[in-house]
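# Structure assessment
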Amino acid sequence: MENPKEIAAYVLCGGKSVRMQAEKGLVLYKGKPFIRWIIEAIMPITSTIILVTSNGDYSLVGLPMIEDIYADKGPVGGIYTALSHSTSERNLILSCDVPKITADLLLSLTEESEKKKASVTFLSDGKNDYPLIGVYKKETLETLAEAISADKLKLCPLVNLMSHHKLIINSHQKSLVQNVNSKAELLSLNLLDQ
């Protein structure tokens, strides 16, 4: 029987990256690709880290990669792919565009998900939800599959239909969950850190 504390991590590296005009997870921040910052934050939590991507350029980080089962189904499709692949009951799901995420925050999230009975535990600042920084249980697979077949691909309304728990972050943690989608956002992120 598997250890109930065991958790796998999946980083969703799909997406069209239209606004960034570059593969988001490979964009450099402080001299390192976003994906490396994210992997370093995950490493204290689990050694099972898999990238959901069809882009061979991610092989530079030396981690297993799996392709989306259903192409062009956005984050819902990515999470479905991750959970279909996983052998863990609980799965940490992250997008590839949150380079400031920290191990401490992810640890709080995974510990919270262990205490709660919810199918999904994700971060929220009380106003904005961050379902792409969340722990998803295998039991959500069926709901995700139904959403894909109905082409209901907006993630926030979908997680709100599931049994969920929001871990509320404080104002100091808000910058840690900021997703960087455009060159302008990347520039402001670099300027803030100087």
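Refer to the structure above for everything that follows.
To keep things clear, this report deals only with the structure shown in the data block. (Residues numbered from 1 in each chain as written. Predicted model: local features only at pLDDT ≥ 70, side-chain atom pairs only at ≥ 80, totals over all residues. Heavy atoms only, no water.)

## A word on the side chain of S182
Filter applied, for reference: We count a stretch as a helix when DSSP gives it H or I for four or more residues in a row; a strand needs E for two or more, and each element gets its number in order from the N terminus. Relative accessibility under 20% of the residue-type maximum defines a buried residue, over 50% an exposed one, and the middle range a partly exposed one, all with a 1.4 Å probe and only protein chains included. As used in this structure description, the phrase polar contact means that two N or O atoms lie within 3.5 Å; if the pair is within protein, one of them must be able to donate a hydrogen and the other to accept it, and residues adjacent in sequence are counted only when both atoms belong to side chains.
Relative to the assigned elements, S182 resides in the loop between β9 (164–168) and α6 (183–192). S182 gets classed as buried once you look at its relative accessible area, which sits at 13%. Here the side chain of S182 touches E185 through a polar contact of 3.1 Å, landing on its backbone nitrogen.

## With respect to the packing of aromatic side chains
For clarity, the cut-off: Side-chain rings of Phe, Tyr and Trp, where Trp is taken by its six-membered ring, are said to pair if the distance between their centres is within 6.5 Å; with planes under 30 degrees apart they count as stacked, over 60 as edge-to-face, and otherwise as tilted.
According to the stated counting rule, one finds 2 aromatic pairs in the structure shown. On the numbers, 5.6 Å between centres and 55° between planes, the contact of Y29 with W37 is tilted. You can call W37 partly exposed: its relative accessible area is 22%. Centroid distance Y70 to Y80: 5.7 Å. Interplanar angle 40°. Geometry classified as tilted.

## A short note on the packing of helix α2 (residues 74–85) against helix α4 (residues 141–149)
Heads up, the condition is: To get an axis, fit a line to the C-alpha atoms, keeping to the stretch in contact for a helix; angles then go from 0 to 180 degrees between the N-to-C directions. Convention used here: angles under 35 degrees read as roughly parallel, angles over 145 as roughly antiparallel, angles from 65 to 115 as roughly perpendicular, and any remaining angle as oblique. Left-handed describes a crossing whose near helix is turned anticlockwise from the far helix by less than a right angle; the clockwise case is right-handed. When checking whether two residues touch, look at their non-hydrogen atoms; a contact exists if any pair is within 4.5 Å. Residues were grouped as follows: Ala, Val, Leu, Ile, Met, Phe, Trp, Tyr, Cys and Pro as nonpolar; Asp, Glu, Lys and Arg as charged; and all remaining residues, including Gly, as polar.
Taken N-terminus to C-terminus, the directions of α2 and α4 make an angle of 140°; their axes are 10 Å apart at the nearest point. Our classification of the angle between α2 and α4 gives oblique. The way α2 lies across α4 gives a crossing that is left-handed. Facing α2, whose interface residues are V76, G77, I79, Y80, L83 and S84, α4 presents L141, L144, A145, A147 and I148. Partitioned by chemical class, the residues of the contact of α2 with α4 number 9 nonpolar, 2 polar and no charged.

## Section: the nonpolar core
Our working definition: In this description, a nonpolar core means a group of buried Ala, Val, Leu, Ile, Met, Phe, Trp, Tyr and Cys residues linked to one another through side-chain atoms lying within 4.5 Å.
If you look at the biggest cluster of nonpolar residues, it comprises 30 residues, and the most contacted ones within it are V11, I42, L92, I101, L106, L123 and I133. For this core, the secondary structure elements donating two or more residues are β1 (7–12), α1 (34–42), β4 (49–52), β6 (90–95), α3 (103–115) and β8 (129–137). By residue number, the principal contributor to this core is α1, which donates 5 residues. The contacts of I101, once residues within four sequence positions are left out, are I38, A41, L106, I133, L176 and V177. Counting 23 residues, the second largest nonpolar core, distinct from the first, contains A8, V76, I93 and A147.

## Regarding the pairing of β9
For clarity, the cut-off: Two strands pair if DSSP finds at least two bridges between them.
On β9, burial follows the alternation: H165 and L167 on one face are buried, whereas H164, K166 and I168 on the facing-out side are not. Pairing geometry for strand β7 (residues 120–124) and β9, over 5 bridges, is parallel. Bridging from a neighbouring strand, L123 pairs with L167 of β9.

## Looking at the pattern of salt bridges
The line we're drawing: Criterion for a salt bridge: a side-chain nitrogen of Lys or Arg within 4 Å of a carboxyl oxygen of Asp or Glu.
Throughout the structure, instances matching the rule amount to 6 salt bridges. The closest approach of N and O atoms between D151 and K73, which form a salt bridge, is 2.8 Å. A residue pair is termed long-range when its members are at least 10 positions apart, and D151 in the loop between α4 and α5 (155–161) and K73 in the loop between β5 (65–66) and α2 qualify at 78 residues. Judged by its relative accessible area of 21%, K73 is partly exposed.

## Structural notes on the pairing of β6
Among the 6 residues in β6, 6 count as buried, and that is most of the element. Residues of β6 alternate between two faces, with R90, L92 and L94 on one and N91, I93 and S95 on the opposite face, all of them buried. With 6 bridges joining them, β1 and β6 adopt parallel strand pairing. Considered in β6, the bridge of L12 is made with S95. In terms of strand pairing, β6 meets β8 through 5 bridges, oriented antiparallel. Bridge assignment links N91 to a residue of β8, and that residue is Y136.

## A few points about the state of the cysteines
Basically, it comes down to this: In this description, a disulfide is simply a cysteine sulfur pair whose atoms lie within 2.5 Å.
Under the counting rule described, the total for this entry stands at 0 disulfides. Here C156 stays unpaired: no disulfide links it, and the sulfur of C96, its closest cysteine neighbor, is 17 Å away.

## Structural notes on the environment of D104
Looking at the secondary structure, you find D104 in helix α3. D104 sits in the exposed class, given a relative accessible area of 62%. Spatially, the C-alpha atoms of D104 and I45 are 9.4 Å apart, while their sequence positions differ by 59 residues.

Remember, this is a structural readout, not a statement about activity or role.
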